[in-house]
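# Summary of the model geometry
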2 protein chains.
Amino acid sequence: MSAPILNERDLDFMLYELFDVESMTSRPRFADHNRETFSGAVTTAKTIAEKVFLPMRAKADRIEPTFDGEKVELIPELKTALDAVVESGLASAGADYEMGGMQLPYVVECAATSYLSAAGGTTINYTCMTTSNANLIEAHGTQEQIDKWVVPMREGRFAGTMAMTEPSAGSGLADLTTSAVKESDGSYRITGNKIFTSGGDHELNENIVHLVLARVKDAPKGIKGISLFIVPKFLVNDDGSLGDRNDVALAGVFHKMGGRAQTTTALSFGENDGAMGYLVGEENRGLSYMFHMMNEARIMAGISSSILGLTAFQYSLDYAKERPQGRLLSEKDPLSAPVNIIQHPDVRRMLLLQKAYAEGAMALSLFGAKLVDDEATAETEEQKQAAKTLLDFLTPIIKAWPAEYCLKANKHAIQVLGGHGYINEHPVEFFYRENRANSIHEGTTGIQSLDLLGRKVPYNGFAGYQACLDEITKTIEFAKDIDSLRDYADELSNALATLKKTTETVLTATQSMSVDAAFCNSVKYLEMFGHIVIAWLWLKQGVVAEAALADGAHEEDEKFYRGKLHTLKYFYGHELPEVYRWADILTRLDTVNYDMQPDWF
Amino acid sequence: MSAPILNERDLDFMLYELFDVESMTSRPRFADHNRETFSGAVTTAKTIAEKVFLPMRAKADRIEPTFDGEKVELIPELKTALDAVVESGLASAGADYEMGGMQLPYVVECAATSYLSAAGGTTINYTCMTTSNANLIEAHGTQEQIDKWVVPMREGRFAGTMAMTEPSAGSGLADLTTSAVKESDGSYRITGNKIFTSGGDHELNENIVHLVLARVKDAPKGIKGISLFIVPKFLVNDDGSLGDRNDVALAGVFHKMGGRAQTTTALSFGENDGAMGYLVGEENRGLSYMFHMMNEARIMAGISSSILGLTAFQYSLDYAKERPQGRLLSEKDPLSAPVNIIQHPDVRRMLLLQKAYAEGAMALSLFGAKLVDDEATAETEEQKQAAKTLLDFLTPIIKAWPAEYCLKANKHAIQVLGGHGYINEHPVEFFYRENRANSIHEGTTGIQSLDLLGRKVPYNGFAGYQACLDEITKTIEFAKDIDSLRDYADELSNALATLKKTTETVLTATQSMSVDAAFCNSVKYLEMFGHIVIAWLWLKQGVVAEAALADGAHEEDEKFYRGKLHTLKYFYGHELPEVYRWADILTRLDTVNYDMQPDWF
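Residues numbered from 1 in each chain as written. Chains lettered and ligands numbered in written order. Predicted model: local features only at pLDDT ≥ 70, side-chain atom pairs only at ≥ 80, totals over all residues. Heavy atoms only, no water.

## Here's the deal with helix α16 (residues 555–575) of chain A
Which entries qualify depends on this criterion: Numbering of helices and strands runs from the N terminus; a helix is a DSSP stretch of H or I covering at least four residues, while a strand is a stretch of E covering at least two. In this scheme, a helix's expected span is set at 1.5 Å multiplied by one less than its residue total. For the exposure calls, accessible area comes from a 1.4 Å probe over protein chains only, and a residue counts as buried if that area is under 20% of its type's maximum, exposed if over 50%, partly exposed in between.
If you check α16 of chain A, its first and last C-alpha atoms are 29 Å apart, about what 21 residues at 1.5 Å a residue would give, namely 30 Å. Most of α16 of chain A sits out of view: 16 of its 21 residues are buried.

This is how it looks when you write it as structure tokens:
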């Protein structure tokens, strides 16, 4: 098998043709960059992915992290792989020059990371979590905290985590009970238990910086009384050297369906005297800081889901091209040679579905990443605000749609390989197991759907909702002038009208019925919106492909663009019509889910 | 957690209320039986499941079978569990008295096995495969073969397998190359390689009886030249004692995503002098004998898929009832106590979906099992033939629909548990991994869909197709007279009309276009037919529930029947309308799958 980790041509298409990332080099922050430096970063990641990540992927999955009561045991290849990333500079690709970074746009950083994520599963998450942690402290911490914690994280010496979930609270952050007591020196003593902390303990780095949500004594109850603390594994002296071990203990590691390269831990803070913690920003504002990190993590979840969709698609495509088996139904001669399975229409269906979902999801996720850049570096304040408005709105869709649909794509990648897809000689079952986490962590699909319908849609006078619709309408108007795309533009326009009507019906319903009943199909609303957004991104890809073909693309490129247009056709013929089924359930205000009684099950 | 393995009330409902299994006791073969003996068998299975299977399920999953070059190493608990089944008599529950069996109806045997399957994953498959193997030899072998191989299999001393798939042929049986050369004594020497042979080697039994497909020298090419052989691991002397080791070698064991209790092997036949093999029936008729076993295996696959759907549903239901987390949207007081998650409408949605899929699939699978009984033991030849016609027709749907939709149910069981669903402290991720195989083995969903559309529908002047439609229409007519069910009856009637039109359009199309193109949405056709059949079975359940409520069911029972009726409502509101979307793709003869070119991907 010689399947590429990712389709390089497609990644280039997304970056340079669909989203014109090169144009960002006109912004001061990226002034030193050009397409070559962008591609250089991606190529570096690809090289590391092929040389160091890919060879250890199966082993990291097979040999789970173990805890002997003293420390976490990981396979040594993980450290080698992560060290290679740090040495290459990619670990702080987006950070400021003065922090040792490369000042690459976030969207390019995501594209580069994609190779590492595809080739090594959750391995690269150690680095990504550290970067997110460092970004948060850089944004909300003091200069002293930046010097003490961010600098060594950027250098790859320290790792970072986000310790949020508690055993009895789960996604219900309002109910967390970890407590913080202020000491006379201004530090705090933290006591409580956290679970599902990714990378919560290991020996990969000198030190681990936990960002911990906790309640200061006498703080308001609920989400208004949550503060954020830096709680290191080892205390750090003023000269930067490591001090004593902090009162943070590993209570256990979880054994997971997938994502095994990354340790997932239960942590116990303050079993003895209380763990030393340092307040980030102000008391009781912890959740808003954490959401800074969480929104970034939600974009990353979209990217990760998409990448797993893409890499599994490449693998099953390669398999389908090379594996002879069976004959076409039309073959009259039962003794003719078997055909490669890509000749079977049903195998093509399973590949088209994967391509449509995974490339659509990747376009959405990279669009989200570009909005992160625009929010930070666009030319005018107005443009920055517009990017923020759109990104905030799209975040639940970016988090949830790729997670749901690329998982479905992965299920089909297994199916293309048949029995071979079920055994670990091939990585497709691994991709499925890996991806299964993505519709759960950083807020489940159900939570995202309520965030979308209940918060993001009506927020600020429907500003984000309208911005999203405007963006889609722009593409529709443009595509209407292209003969071959006019029908798609009309179909998307109809779907959009249905979406508007659905939104109005559901939101109006809350005036006359319980919001629990009115929103009981919120996941269908998210799927509906997601399908329309993805249909929009496929139309956008179609516009680019048609333009390139009109310009006279050379032979290999012509096939590539034809593939894009054919997948557009697939999405509009087989997927977009789903929207009407969901709209029907939503607009008739079906409450079958809400009405079901627990003791009827 | 105290989740029941299965919902006993529902199993009773299916057996005694929905399918009136008790009425079979009027048939001579089951004359000694009554509801008590039926329930006794199920209770025995349940006891063994709870005492011996459940405690070792996680361990059998964690510690995969290994091959040290000499033999297969399994955890000892497996043998204990399987021995308990043999000792209880359940291993030959359906066999003749004279073969040491209980002569239980197949449908009761399936219900009993359900507990073992739910509690032990693929563990019980060693027994099921052995039974299928024995049934085949009993049906097509000589008396000598029955005495030599079937008797010890019924006694639990020997195990049986089906060695069919070859590395280069996969599902394309026409291309298998394992060869058989006839010796002067009438036996054959078998040479070739098989993969994915379940239970292909282990030390659980004294001997293993492989049923091997192979080509006799100079046989016709393709599927017309395939014969079936008994190829034992150890030769057996005429007095029944074990002789020399046969020339069958274990080449390796596969490491699978799930189903790890059962060894899946690569076997090498005749590496030295050729393995001794004994022809079953006549030369070149092997495939038809094997399909006898395969069709049974396809019903079993339907049952297994359904069981995994049901048991995961029970587990996630129990979790949802006990786990407090979050508040309802309508809750004005953010400091109120968290509710149990079953109060969240989206959690109810995920539970309803599971209930609708899994109980619908189980009803279908048990209906199939009952048809197996009817084919063998119905009063008249005409009734037997009618059962055979309907069963043959439904087999691809029984094989594929539960596998696809109960897998989807399992995906949602994980989601109900959130992060806890992704770790192996809870078995829901295990159920998913276990179930993922079911849409692959014994013919993939794609293969089933072509079998349905290309063969089963037009077969014998549309006899099976018509029989199925008649059966559905009967229920529609009955339900039309019940006020609360009339709308459902109408909806099913409309769906049926659409199905007829779709069938006609697609089959007519083959006259004017390539069959490859015309059938390129065959999986959608199978899903459409499957959804209609499941909708029919939900309506049937609704009829029974309404009658019971009209009779004045007592309190607990009333809730049970209300739950059935509400799930019926869910299926007709949220699932059945899918049919029209699939019909649209099929009737417009959409060829986007067929048209996609391999080099456009």
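## Topic: the interface of chain A and chain B
Cut-off, in case you're wondering: Contacts: residue pairs with any heavy atoms within 4.5 Å of one another. Buried area: the sum, over both parts, of the accessible surface (1.4 Å probe) that disappears when the two are put together. By salt bridge we mean one thing: a side-chain nitrogen of Lys or Arg within 4 Å of a carboxyl oxygen of Asp or Glu. Under this definition, polar contacts are N or O atom pairs within 3.5 Å; protein pairs additionally need one hydrogen-donor-capable and one acceptor-capable atom, and for neighbouring residues in sequence, both atoms have to be side-chain atoms. Each residue receives one of three labels: charged for Asp, Glu, Lys and Arg, nonpolar for Ala, Val, Leu, Ile, Met, Phe, Trp, Tyr, Cys and Pro, and polar for the others, Gly being one of them.
Listed as interface residues are 96 residues of chain A and, on the opposing side, 96 residues of chain B. Of the roughly 8,300 Å² buried between chain A and chain B, counting both surfaces, carbon and sulfur atoms make up 61%. Counting across the interface, chain A meets chain B through eight salt bridges. Two residues, Lys411 of chain A and Glu404 of chain B, come together in a salt bridge whose shortest N-O distance is 2.5 Å. In this assembly, chain A and chain B are joined by 41 residue pairs in polar contact (both at pLDDT 80 or more). Examining the composition of the side of chain A that touches chain B, we find that nine residues originate from one element, α16 of chain A, more than from any other. Residues of the side of chain A that touches chain B, tallied by class, amount to 39 nonpolar, 29 polar and 28 charged.

## As for the packing of aromatic side chains
Stated precisely, the cut-off is as follows: Two rings from Phe, Tyr or Trp (for Trp, the six-membered ring) form a pair when their centres sit within 6.5 Å of each other. Planes less than 30 degrees apart are called stacked, planes more than 60 degrees apart edge-to-face, and all others tilted.
This model, assessed by the stated rule, comprises 41 aromatic pairs over all chains. With a centroid separation of 5.1 Å and 70° between ring planes, the pair formed by Tyr357 of chain A and Tyr405 of chain A is classed as edge-to-face. In this pair, Tyr357 of chain A sits in helix α8 (residues 345–377) while Tyr405 of chain A sits in helix α9 (residues 381–417), placing the two residues 48 residues apart along the sequence. A relative accessible area of 5% means that Tyr405 of chain A is categorised as buried. A centroid spacing of 6.0 Å and a plane angle of 80° characterise the contact between Tyr465 of chain B and Phe529 of chain B, whose relative ring orientation is edge-to-face.

## Concerning the relation of the copies chain A and chain B
In plain terms, the rule: Superposition of the copies was done by least squares, using only C-alpha atoms of residues whose pLDDT is at least 70 in both.
When chain A is fitted to chain B, the best match, at an RMSD of 0.0 Å, comes from turning it 180° and sliding it 0.0 Å along the axis. When the rotation and shift are considered jointly, the pair of chain copies conforms to a two-fold rotation axis. Most of the interface of chain A is mirrored in chain B, where 100% of its interface residues are also at the interface.

## Here we look at unusual backbone geometry
Residues and elements named next belong to chain B. Of note in this structure, Phe462 is not a glycine but carries a positive phi near 65°. Positionally, Phe462 belongs in helix α12 (residues 459–479). Residue classification places Phe462 among the partly exposed positions, given a relative accessible area of 33%. A positive phi angle is found at Leu589, which is not glycine, with a value near 50°. Following the sequence through the fold, Leu589 ends up in the loop between α17 (578–587) and α18 (592–595).

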